[in-house]
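# Geometric and topological summary
So the chains spell out like this:
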Amino acid sequence: MARRLPSLNALKAFEAAARNESFTDAAGELFVTHAAVSRHIRELEEYLGTELFTRTGRGVELTDAGRLFGQKLTPLFDQLADAAREAAAVGAARTLKVSVEPAIASRWLVGRLGKFSELHPDIELSIDASNRLVDFHVEDYDLGIRYGRGGWEDVEAFKLSDVVMFPICAPKLLRDHSAIQPANLADFTLLHESRKEYWADWLKEAGVQAEMDWRGTVFQNHLAIEAAEAGQGFALGDQILCTNSLVEGWLLRPFSIDMKDHGSYWIVRKKGSKEQATARAFREWLMGEMVETNRRFQLIKAKDQKTVAKTAPAA
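Residues numbered from 1 in each chain as written. Predicted model: local features only at pLDDT ≥ 70, side-chain atom pairs only at ≥ 80, totals over all residues. Heavy atoms only, no water.

Counting its regular elements, the chain contains ten helices and eight strands. Taken against the 2.2 N^0.38 rule, which gives 20 Å for 315 residues, the C-alpha radius of gyration of the chain at 29 Å runs more than 25% over that of a compact globule. Principal axes of the C-alpha set define a box for the chain whose edges measure 90 × 40 × 40 Å. A total of 315 residues make up the chain; the buried ones form 41% of that total. A sequence separation of at least 24 residues applies to 78% of the contacts in the chain between residues at least 6 apart. Split by element, the accessible area of the chain, about 17,800 Å² in all, is 51% carbon and sulfur. Treating the 40 positive side-chain charges of the chain as one cloud and the 45 negative ones as another, the clouds have centres 3 Å apart. (Helix = DSSP H or I, 4+ residues; strand = E, 2+ residues; numbered from the N terminus. Rg over C-alpha atoms; globule rule 2.2 N^0.38 Å. Buried < 20%, exposed > 50% of the residue type's maximum accessible area, 1.4 Å probe, protein only. Contact = heavy atoms within 4.5 Å. Areas by Shrake-Rupley, 256 points an atom, 1.4 Å probe, with all protein chains shown as cover. Lys, Arg positive; Asp, Glu negative; His and termini not counted. Charge placed at Lys NZ, Arg CZ, Asp CG, Glu CD.)

Given below as structure tokens:
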């Protein structure tokens, strides 16, 4: 059965006028005259048999019927615009520009992007690795992947994963020190991030109160983990950045003590913006990959616990 609908031009004029609460602003947005907007809205009122605006000496005001109609009509126009964009993009590449912190870009994201491309060959990713917090209001980015506590201004933030931290080292570092305890770390080189106190925090978590000798190189971003893989000392890593290397055997967890970090991994976009289909696809894929990484880390922990139980002396 054919739908009985008002004129599309009349609906467009009313939606713009209702959203702006101004015939003049609606006319400017639609590139038509004030008189054309007024004529379309009168046409729509006649079609509906009810007033949508009250004309006043200072302009116009929405009636109750007009306000309700406008609130329902705007989301429908948004959906129509999205549908048109998605239809136009079928068979053509759609670009998604993402700002990513260097650590997670290098150690976690880049090696997985092939899987995303297989799932979404029509989405062309542009990845910019930087510690700088982009301003979505003035810079041409669709999404960002950040580490921190959240609560950033002017962005919508969705948590991807909580973070736990733990010591890591290359296997060769433990060949002659299989019985190492947390308190023995003072005798080894510790690899630091910019905040050296991370090690003090973890040692406290492990029940070690002794003062530490802070010798060791200070690194930015993920370079402390890279140095640990090269056998240069003990670093602190987290389950997102280190699980791959733990699975491959490039790194070991000499202790089973984890420290909950103050930060988490987040995906962010411009506050108040509507999530586009490309951004939604990338966010959902990211969340799935994070879940899988955490699942693999839990398997590593379970394997470590079994190893400890087997090697523990009998009572």
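Read on for the rest.
Here the focus is the sheet that holds strand 5 (residues 143-148). Spatially, the six strands line up as an open sheet ordered 4-3-5-8-6-7, and their pairing is mixed. Edge positions in the sheet fall to strand 4 (123-129) and strand 7 (235-238), since each has one partner strand and no second. Adjacent strand axes in the sheet meet at a mean angle of 25° when their direction is disregarded. Bridge analysis of strand 3 (residues 94-100) against strand 5 gives three bridges, and the strand direction is parallel. Looking at strand 5, one finds that Val100 is bridged to Ile145. Against the sheet, helix 7 (residues 197-205) engages strand 5, strand 6 (155-168), strand 7 and strand 8 (259-270), with an angle of about 130° to strand 8. (Pairing = 2+ DSSP bridges. Axes fitted to C-alpha atoms, helices over the stretch in contact; angles between N-to-C directions.)

Moving on to helix 3 (residues 34-48). Spanning 15 residues, helix 3 covers 21 Å between terminal C-alpha atoms, matching the ideal 21 Å at 1.5 Å per step. Those residues of helix 3 that sit buried are Ala36, Val37, Ser38, His40, Ile41, Leu44 and Glu45. (Expected span 1.5 Å × (residues − 1).)

Of all hydrophobic cores here, the largest spans 56 residues; its most connected members are Ile104, Leu109, Ile145, Leu185, Phe234, Phe282 and Leu286. With eight residues, helix 10 (residues 277-311) is the largest single contributor of residues to this core. Once residues within four sequence positions are removed from consideration, Phe234 is found in contact with Ile168, Cys169, Leu173, Leu174, Ile180, Leu185, Phe188, Thr189, Leu190, Leu191, Trp199 and Pro254. Counting 19 residues, the second-largest nonpolar core is a separate cluster that includes Phe14, Ala26, Ile41 and Val60. (Core = buried A, V, L, I, M, F, W, Y, C linked by side-chain atoms within 4.5 Å.)

Once that is clear, we can look at the packing of helix 2 (residues 23-30) against helix 3. Viewed as axis vectors pointing N to C, helix 2 and helix 3 meet at an angle of 105°, and their least axial separation amounts to 8 Å. Between helix 2 and helix 3, the interaxial angle falls into the category roughly perpendicular. On the side of helix 2, the interface is formed by Phe23, Thr24, Ala26 and Ala27, while helix 3 contributes His34, Val37, Ser38 and Ile41. Tallied by class, the residues present in the contact of helix 2 with helix 3 amount to five nonpolar, three polar and no charged. (Parallel < 35°, antiparallel > 145°, perpendicular 65-115°, else oblique. Nonpolar A, V, L, I, M, F, W, Y, C, P; charged D, E, K, R; others polar.)

Here we come to the confidence of the model for the chain. Caution applies to low-pLDDT parts of the model: their predicted coordinates are not meant to be read in detail. Per-residue confidence for the chain gives a mean pLDDT of 87, with 90% of residues at or over 70. With pLDDT under 50 throughout, residues 308-315 is counted as low confidence; its partners more than four residues away or in other chains account for zero contacts. (pLDDT = per-residue confidence, 0-100.)

This brings us to helix 2. Residues spaced three or four apart along an α-helix point in a common direction, a consequence of the helix completing one turn every 3.6 residues. For helix 2, the full list of buried residues reads Phe23, Ala26 and Ala27. The buried residues of helix 2 all sit within an arc of 100° when viewed along its axis, so they share a single face. Looking at the buried side of helix 2, the elements it contacts are helix 1 (8-20), helix 3, strand 1 (53-56) and strand 2 (59-62). Measuring from the side-chain oxygen of the N-cap residue of helix 2 to the backbone nitrogen of Thr24 gives 3.3 Å; that N-cap residue is Ser22. (Arc of directions from axis to C-beta. Polar contact = N/O pair within 3.5 Å; in protein donor to acceptor, adjacent residues only side chain to side chain.)

Turning our eyes to something else, we now look at the pattern of salt bridges. Tallying each qualifying case throughout the model produces 16 salt bridges. Two residues, Arg19 and Glu29, come together in a salt bridge whose shortest N-O distance is 2.6 Å. Of this pair, Arg19 sits in helix 1 while Glu29 is found in helix 2, placing the two residues ten residues apart along the sequence. Owing to a relative accessible area of 42%, Arg19 belongs among the partly exposed residues under this scheme. Residue classification places Glu29 among the partly exposed positions, given a relative accessible area of 36%. Note that Glu275 and Arg283 form a salt bridge whose closest N and O atoms lie 2.6 Å from each other. Accessibility expressed as a relative area gives 16% for Glu275, which makes it buried. Exposure remark for Arg283: the relative accessible area of 16% places this residue in the buried category. (Salt bridge = Lys/Arg side-chain N within 4 Å of Asp/Glu carboxyl O.)

This paragraph deals with the packing of aromatic side chains. Counting across every chain of the model gives twelve aromatic pairs. Centroid distance Phe166 to Phe297: 5.2 Å. Interplanar angle 15°. Geometry classified as stacked. Linking Phe166 in strand 6 with Phe297 in helix 10, this pair joins segments that are 131 residues apart in sequence. Grouping residues by exposure puts Phe166 and Phe297 together as buried. By the ring-pair criterion, three or more aromatic residues cluster together here, those being Phe14, Phe23, Phe53 and Phe69. Directly above the ring of Tyr141 sits Lys97, whose terminal nitrogen or CZ lies 4.6 Å from the centroid. One Lys or Arg, Arg283, reaches over the ring of Phe158 and ends 5.6 Å from the middle of that ring. (Phe/Tyr/Trp six-rings, centres within 6.5 Å; stacked < 30°, edge-to-face > 60°. Lys NZ or Arg CZ within 6 Å of the ring centre and 35° of its normal.)

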